[in-house]
Amino acid sequence: MTSAPQLHTGVCVRVPAKVNLELRVGPPRPDGFHSLATVYQAVSLFDTIEVSADRDWGIEVVGRTAAGVPADESNLALRAAHALADAAGIDRPVRIRVTKEIPVAGGMAGGSADAAGALLACHRLWGLDLSPAELAAIAAGLGSDIPFLLAGGTALGGGRGERVVPTATRGTYHWVFALSDEGLSTPAVYAECDRLRGAAPVPQPEPSADLLAALSFGNAEAVADGMGNDLQEAALSMQPALAGVLEAGLSFGALAGIVSGSGPTLAFLCRDAESAIDLAVSLTASGAAADVRKAHGPAAVGPVEVATCR
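First, a word on scope: everything that follows refers to the structure included in this document.

The rules behind these values
- Residues numbered from 1 in each chain as written.
- Predicted model: local features only at pLDDT ≥ 70, side-chain atom pairs only at ≥ 80, totals over all residues.
- Heavy atoms only, no water.
- Helix = DSSP H or I, 4+ residues; strand = E, 2+ residues; numbered from the N terminus.
- Rg over C-alpha atoms; globule rule 2.2 N^0.38 Å.
- Buried < 20%, exposed > 50% of the residue type's maximum accessible area, 1.4 Å probe, protein only.
- Phe/Tyr/Trp six-rings, centres within 6.5 Å; stacked < 30°, edge-to-face > 60°.
- Axes fitted to C-alpha atoms, helices over the stretch in contact; angles between N-to-C directions.
- Left-handed = near helix turned anticlockwise from the far one by under 90°.
- Contact = heavy atoms within 4.5 Å.
- Pairing = 2+ DSSP bridges.
- Core = buried A, V, L, I, M, F, W, Y, C linked by side-chain atoms within 4.5 Å.
- Expected span 1.5 Å × (residues − 1).
- Polar contact = N/O pair within 3.5 Å; in protein donor to acceptor, adjacent residues only side chain to side chain.

## Topic: the overall build of the protein
At step 1: In terms of helices and strands, the protein carries 10 helices and 12 strands.
At step 2: Scaling as 2.2 N^0.38, a compact globule of 310 residues should have a C-alpha radius of gyration of about 19 Å, and the protein matches this with 19 Å.
At step 3: Expressed as lengths along the three principal axes of its C-alpha atoms, the size of the protein is roughly 55 × 50 × 35 Å.
At step 4: When the 310 residues of the protein are sorted by exposure, 53% land in the buried category.

## Re the packing of aromatic side chains
At step 1: One pass over the structure, following the stated rule, counts three aromatic pairs.
At step 2: Measuring from ring centre to ring centre gives 6.3 Å for W57 and W126, while their planes differ by 80 degrees; the resulting arrangement is edge-to-face. Of this pair, W57 sits in the loop between β2 (34–53) and β3 (58–63) while W126 sits in the loop between α2 (110–125) and α3 (132–142), placing them 69 residues apart in sequence.
At step 3: An angle of 20 degrees between the planes, with centres 6.0 Å apart, marks the rings of W175 and F177 as stacked. For the residue pair W175 and F177, the accessibility class agrees, reading buried in each case.

## Let's talk about the packing of helix α1 (residues 76–88) against α2
How two helices sit against one another is set out by the angle between their axes and by the gap between those axes.
At step 1: Interaxial distance between α1 and α2 falls to 8 Å at its minimum, and their mutual angle equals 35 degrees. Of the two possible hands of crossing, α1 and α2 adopt the one that is right-handed. Residues L76, A77, A80, A81 and L84 of α1 form the contact with α2, whose participating residues are G111, S112, D114, A115, A118, L119, C122 and H123.

## A few points about the environment of L184
At step 1: Relative to the helices and strands, L184 resides in the loop between β7 (173–178) and α5 (186–197).
At step 2: Separated by 81 residues in the primary sequence, L184 and T265 have C-alpha atoms spaced 9.2 Å apart.
At step 3: When near neighbours in sequence (up to four residues on either side) are disregarded, L184 contacts A105, V189, A235, M238, Q239, S262, G263 and P264.

## Remarks on the sheet that holds strand β11 (residues 292–297)
At step 1: Taken in spatial order, the four strands of this open sheet run β9-β10-β7-β11, and their pairing is antiparallel. Here the strands that pair on one side only, and so sit at the sheet edges, are β9 (256–259) and β11. Going from strand to strand, the sheet's axes swing by 25 degrees on average, the running direction of each strand aside.
At step 2: Sheet topology note: the β7/strand β10 (residues 266–270) ladder contains five bridges and is antiparallel. Residue pairing for β10: A178 is matched across the bridge by L266.
At step 3: Of the strands in this sheet, β7, β9 and β10 are in contact with helix α9 (residues 242–251), which crosses β10 at around 10 degrees.

## Focus on the nonpolar core
At step 1: Within the largest apolar cluster, 69 residues are counted, with the highest numbers of intra-cluster contacts made by L21, I96, L119, W175, F177 and V223.
At step 2: For F177, the residues in contact, after removing those within four places along its chain, are V19, V43, L45, M108, T265, L266, A267, D291, V292, R293 and A295.
At step 3: If you look at the next biggest cluster of nonpolar residues, it comprises 27 residues, including V189, C193, A276 and L283.

## Side note on α1
At step 1: Given a rise of 1.5 Å per residue, 13 residues ought to cover 18 Å, and the 18 Å separating the end C-alpha atoms of α1 matches this to within 8%.
At step 2: The complete set of buried residues in α1 reads L76, A77, L78, A80, A81, L84 and A85.
At step 3: Close packing links the buried residues of α1 with β3, β4 (94–100), α2, α3 and α4 (146–149).
At step 4: Where α1 begins, one side-chain oxygen reaches toward the backbone nitrogen of A77, 2.8 Å away; that side chain belongs to N75.
At step 5: In the stretch just after α1, G89 is the one whose phi turns positive, near 70 degrees.

Function-wise, these values are silent; they only describe arrangement.
See the structure below:
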């Protein structure tokens, strides 16, 4: 006879994916990263992170997009929990359960979202009182997108992306994401970007004032006009078939189409919710994209709440 799973109190948090409305890439830095100017927006594709006290450290990964995600010490969520414990000077092992819906290796920061969720959940579970700035500093040491995903919304990112400043945004933005069967390595995409640029000098990146103004007015058409990604050419070079999907999405009525982050997920901004439904149907019915997701932004993190977990 199989015994029922033991239930115990833990902390649960939902963390969103992100899309870069704009991603401007500067020259390589001495530390191997690139200077960035980006506009992040969190979108309503969520991973769920459950954290509970246990005798030993461990992690379990389940869900729609769990395939290929490591369930060992290399997992970024578990690394985040260890980093917070080290910073707080505590030794309280946890068991982490990640339920994945965010695409993996798709340019939507799924691993970073899981790390942000683990930081927030462990912070609550352990009863810590770190300031947002202290938590963001730990996040920045783990990955460039993680500080943004501690809160979500819409924000400017500087440095290598880890310096985050919330930006004024009105309205709701409706997205369709076309997923790829094959992921792209972020370091490889940056390396391809450098190769394609050659030896020409690269200026320090600056965010677009027009895009920020469009967001502050809630003008989706103007936001579409301001979108851009300096990594797009590199991603298309590595996966040429993406160009046809971009063309199809625009022909079916998207306001704009862009490679999300380092790709290969493609993000299409739509005029409204009805237009997003029409685009998703058209992309799948035509065979242009086998797997699409609708979402809206800006999305928020949370709530971080006590829950009964397996």
